[in-house]
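The lines below spell out each chain.
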Amino acid sequence: MTPTSPLWRPFTQHALEPAPPKIVRAENAWLETESGEKILDAISSWWVTTHGHRQPKIMAAIAEAAGTLDQIIFAGLTHEPAERLARELVALAPEGLAHVFLSDSGSTAVEVGLKMALGFFANRGEERTRVAVLEGGYHGDTIGAMSVGERGVFNAPYAPLLFEVERIPFPAPGAEQATLDALEAAGGRGDLAAFIVEPLILGAGGMKMYGPETLAEMRRIVRDTGALFVADEVMTGWGRTGTLFACEQAGVTPDILCTSKGLTGGAVPLAATLATAEIFEAHYSPDRTKTFFHSSSFTANPIACAAAVANVGVWRDEPVAERVAALSSAQAARIARFEGDPRFRNARTSGTIAAVDLAVPDAGYLAEVGPRLRAFFLSHGLLVRPLGDVIYLMPPYCVTDAELDSLYDAIAEAPDVLGIAR
Ligand SMILES: *Cc1c(COP(=O)(O)O)cnc(C)c1O
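This one's a predicted model, so the numbers in the text were calculated from it and none came from an experiment. (Residues numbered from 1 in each chain as written. Predicted model: local features only at pLDDT ≥ 70, side-chain atom pairs only at ≥ 80, totals over all residues. Heavy atoms only, no water.)

Draft legend 1. Broad picture of the pattern of salt bridges. The final tally for this structure, using the stated rule, is 21 salt bridges. Ionic pairing is found between Lys-57 and Glu-318, a salt bridge with its closest N-O pair at 2.7 Å. Placement of Lys-57 in helix H2 (residues 56-66) and of Glu-318 in the loop between helix H10 (302-317) and helix H11 (320-335) is noted, with a sequence separation of 261 residues between them. A relative accessible area of 19% means that Glu-318 is categorised as buried. Note that Arg-337 and Asp-409 form a salt bridge whose closest N and O atoms lie 3.0 Å from each other. (Salt bridge = Lys/Arg side-chain N within 4 Å of Asp/Glu carboxyl O. Helix = DSSP H or I, 4+ residues; strand = E, 2+ residues; numbered from the N terminus. Buried < 20%, exposed > 50% of the residue type's maximum accessible area, 1.4 Å probe, protein only.)

Draft legend 2. Summary view of the side chain of Thr-225. Here Thr-225 lies in helix H7 (residues 212-225). With relative accessibility at 15%, the residue Thr-225 sits in the buried group. A polar side-chain atom of Thr-225 sits 2.9 Å from the main-chain carbonyl oxygen of Val-222. Look past the residues within four positions of Thr-225 in its chain and what remains in contact with it is Arg-128, Gly-187 and Gly-188. (Polar contact = N/O pair within 3.5 Å; in protein donor to acceptor, adjacent residues only side chain to side chain. Contact = heavy atoms within 4.5 Å.)

Draft legend 3. Geometry of the UniProt feature "binding site: substrate" (unreviewed entry) in the protein chain. Under the feature "binding site: substrate" (unreviewed entry), the UniProt entry names Trp-46, Tyr-138, Lys-261, Ser-295 and Arg-385. Their sequence span is 340 residues, while the largest C-alpha to C-alpha distance among them is 33.3 Å; these annotated residues do not converge on one region. Tracing the backbone shows Tyr-138 in the loop between strand E5 (130-134) and helix H5 (143-147). Non-local contacts of Tyr-138, meaning those with residues more than four positions away in its chain, are made with Glu-198, Ala-204, Gly-205 and Asp-232. On the basis of relative accessibility, which here comes to 22%, the residue Lys-261 falls in the partly exposed class. Residues within four places of Lys-261 in sequence aside, it is in contact with Trp-46, Trp-47, Val-48, Val-234, Met-235 and Gly-266. (UniProt positions renumbered as here; feature names shortened; annotations may be inferred.)

Draft legend 4. Geometry of the packing of H2 against H10. For the pair H2 and H10, interaxial distance at closest approach is 8 Å and the crossing angle is 145°. Two packed elements cross with a definite hand, and for H2 against H10 that hand is right-handed. Where H2 approaches H10, its residues Lys-57, Ile-58, Ala-61, Ile-62, Ala-65 and Ala-66 are matched on the opposing element by Pro-302, Ile-303, Ala-306, Ala-307, Ala-310, Asn-311 and Val-314. Tallied by class, residues from the contact of H2 with H10 come to 11 nonpolar, 1 polar and 1 charged. (Axes fitted to C-alpha atoms, helices over the stretch in contact; angles between N-to-C directions. Left-handed = near helix turned anticlockwise from the far one by under 90°. Nonpolar A, V, L, I, M, F, W, Y, C, P; charged D, E, K, R; others polar.)

Draft legend 5. Quick look at the packing of helix H3 (residues 80-92) against H10. Where H3 contacts H10, the two axes come as close as 8 Å, and the packing angle between them is 40°. In terms of axis orientation, H3 runs oblique to H10. H3 and H10 meet at a crossing whose hand is left-handed. In contact with Pro-81, Ala-82, Arg-84, Leu-85, Glu-88 and Leu-92 of H3, H10 contributes Pro-302, Cys-305, Ala-306, Ala-308, Val-309, Val-312 and Arg-316. For the contact of H3 with H10, the residue count by class is 10 nonpolar, no polar and 3 charged. (Parallel < 35°, antiparallel > 145°, perpendicular 65-115°, else oblique.)

Draft legend 6. Focus on unusual backbone geometry. Its identity is not glycine, yet Phe-11 carries a phi of approximately 45°, on the positive side. Examined against the element boundaries, Phe-11 turns out to sit in the segment before strand E1 (23-27). Since its relative accessible area comes to 43%, Phe-11 is described here as partly exposed. In the Ramachandran plot, Trp-238 falls in the positive-phi region, its phi being about 65° despite a non-glycine side chain. Assignment of secondary structure puts Trp-238 in the loop between strand E10 (228-232) and helix H8 (247-250).

Next up, the structure:
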């Protein structure tokens, strides 16, 4: 098919995929196409939309901020939306995170976190440069973020540019000790600067879940080895796993915490990397070479910061925690229908996120089933994008029980329509 648009889309094989529907309006859990069709956004537009599309208070804050400010250089100048946001984040984040560095995306939040960790040891004159990661992790698509993520078809062409990391096996149920032992061994070599991890659930790696006890143990081991613990909460933050940040469930404070997606309620791009006072102080010096050398043109965009401040206000003033708890139970109750169904495996939830694996005959079949599943759901007016054989639902918190029912009914129908034998 010849492209009908000069746009080059993310994660899109233009030779195989049909032209996408054009969205002209978004509200709550719904998207509307130019031909008037409604699509239920069951994946929160790639995991960013938390409360719902165009949350009124967030949109009003954007309009208000745009009335007085646009981008202002953030070295040498400051503005209230950023000042206020930093105070709010420090108050909300796990105790001990005291400094906030603002950037534009989850990937940049991760790059900033890795640079903070390396800078911390360099400024203290310690030879620690290696990074450990969990197998199957995903931390973004820039070169550094890809380096700490799982290797595969998605990044094979760029492998020559990616740096080597220590890979710790995923703590599969019953195999947690192997993970902890491997982490202890990696830390024991004395050259480990940081361990970066998605707390409680590996998102793009297939919605793989592990328990808060394991997260707490990993945190303890990393502290004992003298390395820094970096929590990538880009997906898990802002209620996704049931608590504001996933780390709360393990009672841990990471040395560095990355947040983005839900930071503005998903309305506009913004990211924050939070760090402890110790890490900031390692960069605090009359010696200019110890400066944290990182910036991007749009650092601390005032309009985005105002959106994030409004998001914090929504969390404070509205019963968001109750909505998250209700959605978490609604998901758990519904995904359970696939337990014992031979067409599915491994029904699971982590807070508001539900996932189930499709029992597909083989991996070759799998490559083709993803796009067919997407088309099937779309023909039912549902935006669902399985990760390989993993079907997951991560809707905005405003989704209703009836909307969830329509999603689960479609999942139940999918294997038969696509000809996957019972
Ligand atoms: C999405 C994601 C990222 C990357 O965020 P972008 O905004 O897409 O750059 C990093 N880490 C995790 C855990 C993510 O889910």
